[in-house]
Structures are given as structure tokens and as C-alpha cells.
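Spelled out, the chains give:
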Amino acid sequence: DVYKRQMLTEVIDISYPELENPTLELSIPFSGRIEVNPGGEKLVDGTILFDVPEWKPWVTETPDLVRIEQDERWLHAHWNNPKNSWNLNLGTSKPYKLRVRTGVSRARLSLGGIPLTRFNMSSGVGTCDILFDGENPASMELLNLQAGVGQMIADDILNANPREVRISGGVGEVRLGFTGNRIKEDVQVRLNGGEGGFDVSNAEEVPAVIHVSGLTGVDLRGRIRARRRSFGSCIYETESYTEDQPHLNIRASLGLGGLTLRTV
């Protein structure tokens, strides 16, 4: 059917809602590619390309919420190699919260310089690259990442200025880079493992203490030492760690996957 294979375009051009610190929610349950970059004065602008008419995105706007979503009822209304490409620019002029949920996708989110007060990412199947390649002008209350099946990479996390970080592993690999800005206060980090493994890189100059529970192996690389080892519960710390200075307090509860801790 020629019509069904026609490429359709949805232009996104949305201003900030009325209330301060609103929420922007992106829900993309179908197969596709997602590219997110810093924008300007608008909350979000860009284009969404798709060739399944039922996948037309819907926009909901309230005084404190903007939601862009595709209807999950049409999850199976597609054929081989459907097209679903999201290319969005996110606002940098006012603080807001961001929630992103993806299905089967290849996602790349470049969030440097975007004033996020909270960020939640839930990935389905595929790859997800999250890069904080510039300082967050706001303070982020919570950075929450939920990995699915595949690989999730988050780099320069400390540039996000998070107070708390929660990471849930799925089936596959989660690679985390605690690099970027020096921290000014303690950052609480929680890692919950699934069947996949964690690879955690820590900037050499950033103090960190790591509490690990679980029976899977821990691989130490770089300037990290074991403070205490016991069956099912271990404590590690970077060589730069002292209790009297701001540090990363990492608590990891592991599933079947292993944990690699390294300094860079």
C-alpha cells in the first residue's frame, strides 16, 4: 500500500507552560530512533518522522505538563522496517523536569546545558546513550535511569548536578561515568542490578565509597581499594576518599550480573 509507506512529518513547536518547573514527558513505545539536543527559548521543538499513520504523536498541554506520546494501542500495527524518527531540541531558558520512555529504539540524549530539576529515563530494548556534555544550570533533585534489554551508557553524570542518583539494571550492560564537575555536597547513588552488569567509572579526584551487597563478582581497576570484604557484603573506596569532604556514596545491590569499578 503506497499510502502506508508514505513518510509523514509532525512538526513540534511548543512553548513553556504557565507554571514554573513544569514536566516534559516523551513516550515513544514503538521501534525507532530518538535524538535529543539542547535547544533555545521553546520548551521543545523539532520533527517526528513516521510511516505508520496510527503512530501519529499526540500532544497534551496543561499549565504544568507537556506530554508527547504515541498510542500504545497500535503497538503491533506495523510491518518490516517501520520508520519512527524523533529529532527534538529541548529548552534551555527555564528549569523543568524531563521524563522519557522508549520501546525498541536507538536513543541518544545530549542533555548538557539543559536546566533539568529531575530526569527519569526508562528504556525498553536497544541502546540508550545519555550525555551530560555541559553543566546543568539548575540543581537536579533526582536522576533516575531504568535500563531494559540492551545497553545503556550515561557519561559525565556529575555535570547534571544531581543530589540523588538511582539506576536500575535490566538485561544487558549499564555503563556509568561519574565524571564532569567536582561535587560540592554528598551525592547519594543507588544501583540495583538485574541480570546485566554494571561498569562504573569514577573521576580519580572525586572521592567515593561503594557499599556492595550480592554474591556476584566485583572487578577493581585503577585507584580503588577494598576496605572490607565479607560474604555477600563488601565496602570499597577510592584512594581520594575521606569522610570529611563531599563524596559519592554508592550503594549497589547486585543481581546476576557483575560490577566493574574503575577510576579514570
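Right above here is the structure, for reference.
Keep in mind the model is a prediction, meaning the values are calculated, not measured. (Residues numbered from 1 in each chain as written. Predicted model: local features only at pLDDT ≥ 70, side-chain atom pairs only at ≥ 80, totals over all residues. Heavy atoms only, no water.)

**Observations regarding the overall build of the chain**
Piece 1. Within the chain one finds zero helices and 23 strands.
Piece 2. Computed over its C-alpha atoms, the radius of gyration of the chain comes to 20 Å, within 12% of the 18 Å expected for a compact globule of 264 residues.
Piece 3. Projecting the C-alpha coordinates of the chain onto the three principal axes gives extents of approximately 65 × 40 × 25 Å.
Piece 4. The 264 residues of the chain split such that 46% are buried.
Piece 5. Long-range contacts, defined here as pairs at least 24 residues apart, represent 64% of the contacts in the chain between residues at least 6 apart.
Piece 6. Counting every atom, the chain has about 12400 Å² of accessible surface; 46% of that belongs to carbon and sulfur. (Helix = DSSP H or I, 4+ residues; strand = E, 2+ residues; numbered from the N terminus. Rg over C-alpha atoms; globule rule 2.2 N^0.38 Å. Buried < 20%, exposed > 50% of the residue type's maximum accessible area, 1.4 Å probe, protein only. Contact = heavy atoms within 4.5 Å. Areas by Shrake-Rupley, 256 points an atom, 1.4 Å probe, with all protein chains shown as cover.)

**Description of the nonpolar core**
It is characteristic of soluble globular proteins that their nonpolar side chains tend to be buried jointly.
Piece 1. Ranked by size, the top nonpolar core spans 67 residues in total, and within it Leu111, Phe119, Leu176 and Leu248 carry the most contacts.
Piece 2. Not counting chain neighbours up to four residues away, the residues in contact with Phe119 comprise Leu98, Val100, Leu109, Leu111, Ile130, Phe132, Met140, Leu142, Leu143, Asn144 and Leu145. (Core = buried A, V, L, I, M, F, W, Y, C linked by side-chain atoms within 4.5 Å.)

**Here's the deal with the sheet that holds strand β20 (residues 224–230)**
Two strands in a sheet stick together by hydrogen bonds in their backbones, pointing the same way (parallel) or opposite ways (antiparallel).
Piece 1. Within the open sheet, the twelve strands sit side by side as β5-β6-β2-β8-β10-β12-β14-β16-β22-β18-β21-β20. Their pairing is mixed. Two strands bound the open sheet, and with one partner strand each, they are β5 (58–62) and β20. Mean inter-strand twist for the sheet, computed between neighbouring axes without regard to direction, equals 10°.
Piece 2. Where strand β10 (residues 116–122) lies against strand β12 (residues 142–146), five bridges are found, and the strand directions are parallel. Bridged to Phe119 within β12 is Leu143. (Pairing = 2+ DSSP bridges. Axes fitted to C-alpha atoms, helices over the stretch in contact; angles between N-to-C directions.)

**Here we look at the sheet that holds strand β3 (residues 32–38)**
Piece 1. Here we have eleven strands laid out as an open sheet, ordered β1-β4-β7-β3-β9-β11-β13-β15-β17-β23-β19, and mixed in their pairing. Strands with a single pairing partner mark the edges of an open sheet, and in this sheet they are β1 (8–14) and β19 (218–221). Here the strands of the sheet are splayed against their neighbours by 5° on average, with no regard to which way each runs.
Piece 2. Both strand β4 (residues 44–50) and strand β7 (residues 84–90) contribute to a ladder of seven bridges, which runs antiparallel. Counterpart to Gly46 in the pairing with β7 is Leu88.

**Concerning the pattern of salt bridges**
Piece 1. Enumeration according to the criterion identifies 13 salt bridges in this entry.
Piece 2. A salt bridge links Glu164 to Arg166, with the shortest nitrogen-to-oxygen separation between them at 2.8 Å.
Piece 3. Several salt bridges share partner residues, and in doing so they unite Glu25, Arg67 and Arg99 into one network. (Salt bridge = Lys/Arg side-chain N within 4 Å of Asp/Glu carboxyl O.)

**Regarding the side chain of Asp199**
Piece 1. Along the chain, Asp199 turns up in strand β17 (residues 197–202).
Piece 2. Not counting residues within four places of it along the chain, the set of residues in contact with Asp199 comprises Glu173, Val174, Arg175, Leu176, Thr260 and Arg262.

**A short note on unusual backbone geometry**
Piece 1. Of note, Asn21 is a non-glycine position whose phi angle comes to about 50°, a positive value.
Piece 2. Overall, Asn21 belongs to the partly exposed group, its relative accessible area being 32%.
Piece 3. A positive phi angle is found at Asn161, which is not glycine, with a value near 55°.
Piece 4. Residue placement: Asn161 occurs in the loop between β13 (149–155) and β14 (164–168).
Piece 5. On the basis of relative accessibility, which here comes to 24%, the residue Asn161 falls in the partly exposed class.

**Considerations on the environment of Val189**
Piece 1. Structurally, Val189 is set in strand β16 (residues 187–192).
Piece 2. Residue Val189 is classed as buried on the basis of its relative accessible area of 0%.
Piece 3. Each C-alpha atom of the pair Val189 and Asn144 lies 9.9 Å from the other, and the pair is 45 residues apart in sequence.
Piece 4. Apart from the residues lying within four places of it in its own chain, the contact partners of Val189 are Val165, Phe178, Leu248, Asn249, Ile250 and Arg251.

**Considering the side chain of Ser105**
Piece 1. As for its position among the elements, Ser105 is in strand β9 (residues 104–110).
Piece 2. At a separation of 3.5 Å, a polar atom in the side chain of Ser105 contacts the side chain of Thr102.
Piece 3. In contact with Ser105, other than residues within four places in its own chain, are Gly32, Ile34, Val125, Gly126 and Thr127. (Polar contact = N/O pair within 3.5 Å; in protein donor to acceptor, adjacent residues only side chain to side chain.)

**Thoughts on the packing of aromatic side chains**
Piece 1. Inspection of every chain in the model, using the stated rule, returns three aromatic pairs.
Piece 2. Ring centres 5.9 Å apart and planes at 75° place the aromatic pair Tyr16 and Tyr96 in the edge-to-face group. In this pair, Tyr16 is assigned in the loop between β1 and β2 (23–28) and Tyr96 in strand β8 (residues 96–102), connecting sequence segments 80 residues apart.
Piece 3. Looking at Tyr96, the relative accessible area reads 0%, which means it is buried. (Phe/Tyr/Trp six-rings, centres within 6.5 Å; stacked < 30°, edge-to-face > 60°.)

Note that every value here comes from positions in space, so none of it alone points to a role or purpose.
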